[in-house]
Amino acid sequence: MSEQQVPWYKVPTSSPPFALTKKIYSNASDSTPFKSLAFFPWTHNSYHTLWNGHHNLSQEDWSVMINEFSDAIAVGSDYNVYVFFMRQSKNPISYKVPFSDHDIKALSTDCIRVAWTLDPGDPLEPLLLFSHLNLLYIYNVKKQGVQGYLRGHGGAITSIVVHPINTNLFCTTSRDYSTRIYDLLLKPQKLEDLGNPHWPPGTKKSFAGAAHGLHMTEPEGEGNGIGRCIIILMGGRSGGHQAAVLSAAFNPDFPVIATCGLDRLVKIWHVPRASKETLIREDKPLFSSGRIHKARVLSISWLQNDLLLSHSAPAVMKRTSGSTESRKMWLEPGQIVIWLWLSLNRFFPAKHSGVRQDILRGCASDYQESSSFKIISAISFPSAQTQFDTPALHLYQSPTHDPVVSFTYPKFNSIKLFNVIHLHPRKPPPFPFDVLNMEIGEHLNENGERGIRSQTDIPPEVSGWEISPVAGTVGEEILACAMGMEGTTLIGVGSKEGKGIIWIWKL
């Protein structure tokens, strides 16, 4: 194959052939910066993979729907959600979420999170999931109306993730330390048919409510329309997250879900078979570790069934140890880590692949601080000014495209890309071990001064392709980015003088 036929992302020295084709500005008086986005994720080939091909759709009807929405992107700001069309000359769809002074207090990082899903009962009408603080809305894009809303989280929702195969399943992560998994095929729980479990030795259903990981007990119930929470992955010291959960990812082939959070932990949970009557609560994952990252873990994704990619914020590290200046700190850049979960075959042995267990539990060494992982590769982000300057990262992968990571930093006003395939394996530690560095994390610098940590402990900085808007733009800031439309389009969203703006690059 000649070099001209090799895709650009397979050649590290090539230049990405993306060209800035369009900018979309928001001129509304109440416009706020765009902070989140989601491409329409399905293609014509998804007809054969969704629900493992078990559906009654005709391929012709599916193709009509794909042609109508394949160029759609959903964008979220502080109080509005939009749907823009990249190729078709359609007016954008806009919805402003209702809010009041009684809402929970929002943080500067809170915004409307967005994700696409399909209801198996009517898959030709795509649905948009979006959140405002602790409320979750289900919006019918074709009918341009809210089809349902759900509540239950005690804190703001930090991410929305849809199962890649069974799109009726989706989850939300929250600042209340929990992850809630929903099923679109069920109606919201009402007070009269409350499915909360009972507290032994009692026999009556509990009315403790959402604060204890249970269904809502108010007269209006869990919500309205479609969707019901069926599983809660609890927070707490027994095995759950002990701080805000920031992201999650469903495994496409096994009944497990990965989560990560503010507590530096990454966890892998079993997703049991759901019950229509009783809410299932899990508080002990199959895997948990705080030794993969040194700071809060911002996102997690599956590359393969046992291979994951996660990224973290900058870490505040102690500069010296045992001296009068021991309180001085330094900032280590955030990291992207690719790591292997070593217990997949232990919990899901290949010779019993057709067996589905309803109860699957590990031991204390699994859900407290597991060692069943291996770091394959690690790279560092560019240096940041503070630990609050965190990268917004997106992973694009498909059966016909290498996994490509795109990320942007606040105030950097550019997007960096790299192919995960090009990352080098992590170098093994030296032997014999450097006892001084291993124990107190310090060494002598070139001037003979003690206190500066060895830079060999930090992974190399990420290298790849960089894409920027036209030079000379003033007041523009990219806040989030994503690749989509079968790898042919790169989108950045952000702010221009306090209002929303979208950048569109195409091959």
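The preceding data block contains the structure.
Here is a short report on the structure shown in this document.

1. Digging into the overall build of the protein chain
Turning to step 1, where the next piece is worked out: Each helix and strand in the protein chain was counted, giving four helices and 34 strands.
Turning to step 2, where the next piece is worked out: Counting the 507 residues in the protein chain, one finds 53% classified as buried.
Turning to step 3, where the next piece is worked out: By element, 52% of the accessible surface of the protein chain is carried by carbon and sulfur atoms, the whole surface being about 24200 Å².

2. Let's talk about the sheet that holds strand β28 (residues 415-419)
Turning to step 1, where the next piece is worked out: Read from one edge of the open sheet, four strands run β26-β27-β28-β31, paired in antiparallel fashion. Of all the strands in the sheet, the pair left with one neighbour each is β26 (392-398) and β31 (465-467). Here the average twist between neighbouring strands, direction ignored, is 20 degrees.
Turning to step 2, where the next piece is worked out: The pairing of β26 with strand β27 (residues 401-408) spans six bridges and is antiparallel. Its bridge partner being in β27, L395 is matched across the sheet by V405.

3. Quick look at the pairing of strand β15 (residues 245-250)
Turning to step 1, where the next piece is worked out: With six of six residues buried, β15 lies mostly within the body of the structure.
Turning to step 2, where the next piece is worked out: For β15 and strand β16 (residues 256-261), the ladder comprises five bridges, and the chain directions are antiparallel. Counterpart to A249 in the pairing with β16 is A258.
Turning to step 3, where the next piece is worked out: Hairpin connection, β15 to β16: the antiparallel pair is bridged by five residues.

4. Overview of the side chain of T179
Turning to step 1, where the next piece is worked out: In this fold, T179 is placed in strand β12 (residues 179-183).
Turning to step 2, where the next piece is worked out: In this structure T179 comes out as buried when scored by relative accessible area, which is 2%.
Turning to step 3, where the next piece is worked out: Sequence-distant contacts of T179, that is, excluding residues within four places in its chain, are made with C171, T172, T173, I231, I232, L233, V245 and T259.

5. Some points on the packing of aromatic side chains
Turning to step 1, where the next piece is worked out: Under the definition given, this model contains 20 aromatic pairs.
Turning to step 2, where the next piece is worked out: Ring plane angle 25 degrees and centroid distance 6.2 Å describe the contact between W341 and F347, whose orientation is recorded as stacked.
Turning to step 3, where the next piece is worked out: Ring pairing ties together the aromatic residues W8, Y9, F18 and W465, which thus form one cluster.
Turning to step 4, where the next piece is worked out: One cation-aromatic arrangement involves K90 over F69; the distance from NZ or CZ to the ring centre is 5.7 Å.
Turning to step 5, where the next piece is worked out: For the cation-ring pair, K284 lies above Y367, with the distance from its terminal atom to the ring centre recorded as 5.6 Å.

6. Focus on the sheet that holds strand β18 (residues 280-282)
Turning to step 1, where the next piece is worked out: In spatial order, the strands read β10-β11-β12-β14-β18; together these five strands make up an open sheet with mixed pairing. What marks the edges here is a single partner per strand, and that holds for β10 (157-162) and β18. Mean inter-strand twist for the sheet, computed between neighbouring axes without regard to direction, equals 25 degrees.

7. Things to note about empty space enclosed by the protein
Turning to step 1, where the next piece is worked out: For the coordinates displayed, the defined rule picks out two cavities of 30 Å³ or more.
Turning to step 2, where the next piece is worked out: Of the volumes computed, that of the largest cavity is approximately 40 Å³.
Turning to step 3, where the next piece is worked out: Around the largest cavity, the lining residues are H293, K294, A295, S312, A313, A315, E332, P333, G334 and Q335.
Turning to step 4, where the next piece is worked out: A breakdown of the residues in the lining of the largest cavity according to their chemical character gives four nonpolar, four polar and two charged.

8. Some details on the pairing of strand β3 (residues 72-76)
Turning to step 1, where the next piece is worked out: Taking burial as the measure, the five residues of β3 include five buried ones, the bulk of the element.
Turning to step 2, where the next piece is worked out: A two-sided burial pattern is seen for β3, the buried positions comprising A72, A74 and G76 on one face and I73 and V75 on the other.
Turning to step 3, where the next piece is worked out: Taken together, the four bridges between strand β2 (residues 36-39) and β3 define a ladder with antiparallel strand orientation. Paired with A38 across the bridge in β3 is A74.
Turning to step 4, where the next piece is worked out: Relative to strand β4 (residues 80-85), β3 is paired through five bridges, and the arrangement is antiparallel. Counted as the bridge partner of A72 is F85 from β4.

9. Quick word on helix α1 (residues 59-69)
Turning to step 1, where the next piece is worked out: All buried positions along α1 are accounted for by W62, M65, I66 and F69. The arc that holds the buried residues of α1, viewed along the axis, is 100 degrees, so those residues lie on one side.
Turning to step 2, where the next piece is worked out: Turning to α1, the residues buried within the fold contact β3 and β4.

10. Notes on the side chain of S377
Turning to step 1, where the next piece is worked out: Take S377: it is sitting in strand β25 (residues 373-380).
Turning to step 2, where the next piece is worked out: A distance of 2.7 Å separates a polar side-chain atom of S377 from the backbone oxygen of H424.

11. As for unusual backbone geometry
Turning to step 1, where the next piece is worked out: Residue L133 is not a glycine yet carries a positive backbone phi of 60 degrees.
Turning to step 2, where the next piece is worked out: Along the polypeptide, L133 turns up in the loop between β7 (127-132) and β8 (135-140).
Turning to step 3, where the next piece is worked out: Given a relative accessible area of 11%, L133 falls into the buried group.

12. A closer look at the nonpolar core
Turning to step 1, where the next piece is worked out: Core analysis: the biggest nonpolar cluster contains 27 residues, and W62, W116, L128 and F130 have the highest contact counts within it.
Turning to step 2, where the next piece is worked out: Those elements that provide at least two residues to this core are α1, β3, β4, β6 (114-117), β7 and β8.
Turning to step 3, where the next piece is worked out: Looking at this core, the element that brings in the most residues is α1, giving four residues.
Turning to step 4, where the next piece is worked out: In this structure F130 touches V81, Y95, V97, I112, R113, V114, L135, L136, Y137, Y139 and I160, once residues within four positions along its chain are discounted.
Turning to step 5, where the next piece is worked out: With 23 residues, the next largest nonpolar core counts W302, L344, L360 and I375 among its residues.

13. A short note on the environment of G235
Turning to step 1, where the next piece is worked out: With respect to the helices, strands and loops of the structure, G235 is situated in the loop between β14 (228-233) and β15.
Turning to step 2, where the next piece is worked out: Residues G235 and S178, spaced 57 residues apart in sequence, show a C-alpha to C-alpha distance of 5.1 Å.
Turning to step 3, where the next piece is worked out: Sequence-distant contacts of G235, that is, excluding residues within four places in its chain, are made with Y177, S178, G240 and H241.

14. Some remarks on the pattern of salt bridges
Turning to step 1, where the next piece is worked out: Evaluation of the coordinates by the stated rule reveals twelve salt bridges.
Turning to step 2, where the next piece is worked out: Across the salt bridge formed by E282 and R361, the nearest N and O atoms sit 3.6 Å from each other. Taken together, the positions of E282 in strand β18 and R361 in the loop between α2 (344-347) and α3 (364-367) put the pair 79 residues apart, joining distant regions of the chain.
Turning to step 3, where the next piece is worked out: The closest approach of N and O atoms between D283 and K284, which form a salt bridge, is 3.5 Å.
Turning to step 4, where the next piece is worked out: Accessibility expressed as a relative area gives 25% for D283, which makes it partly exposed.
Turning to step 5, where the next piece is worked out: On the basis of relative accessibility, which here comes to 22%, the residue K284 falls in the partly exposed class.

Calculation criteria
- Residues numbered from 1 in each chain as written.
- Predicted model: local features only at pLDDT ≥ 70, side-chain atom pairs only at ≥ 80, totals over all residues.
- Heavy atoms only, no water.
- Helix = DSSP H or I, 4+ residues; strand = E, 2+ residues; numbered from the N terminus.
- Buried < 20%, exposed > 50% of the residue type's maximum accessible area, 1.4 Å probe, protein only.
- Areas by Shrake-Rupley, 256 points an atom, 1.4 Å probe, with all protein chains shown as cover.
- Pairing = 2+ DSSP bridges.
- Axes fitted to C-alpha atoms, helices over the stretch in contact; angles between N-to-C directions.
- Contact = heavy atoms within 4.5 Å.
- Phe/Tyr/Trp six-rings, centres within 6.5 Å; stacked < 30°, edge-to-face > 60°.
- Lys NZ or Arg CZ within 6 Å of the ring centre and 35° of its normal.
- 1 Å grid on protein atoms, 1.4 Å probe; cavity = no way out; pocket = protein on both sides within 12 Å on 5 of 7 lines; lining within 4 Å.
- Points joined across faces, edges and corners; volume = space filled by probe spheres on them.
- Nonpolar A, V, L, I, M, F, W, Y, C, P; charged D, E, K, R; others polar.
- Arc of directions from axis to C-beta.
- Polar contact = N/O pair within 3.5 Å; in protein donor to acceptor, adjacent residues only side chain to side chain.
- Core = buried A, V, L, I, M, F, W, Y, C linked by side-chain atoms within 4.5 Å.
- Salt bridge = Lys/Arg side-chain N within 4 Å of Asp/Glu carboxyl O.

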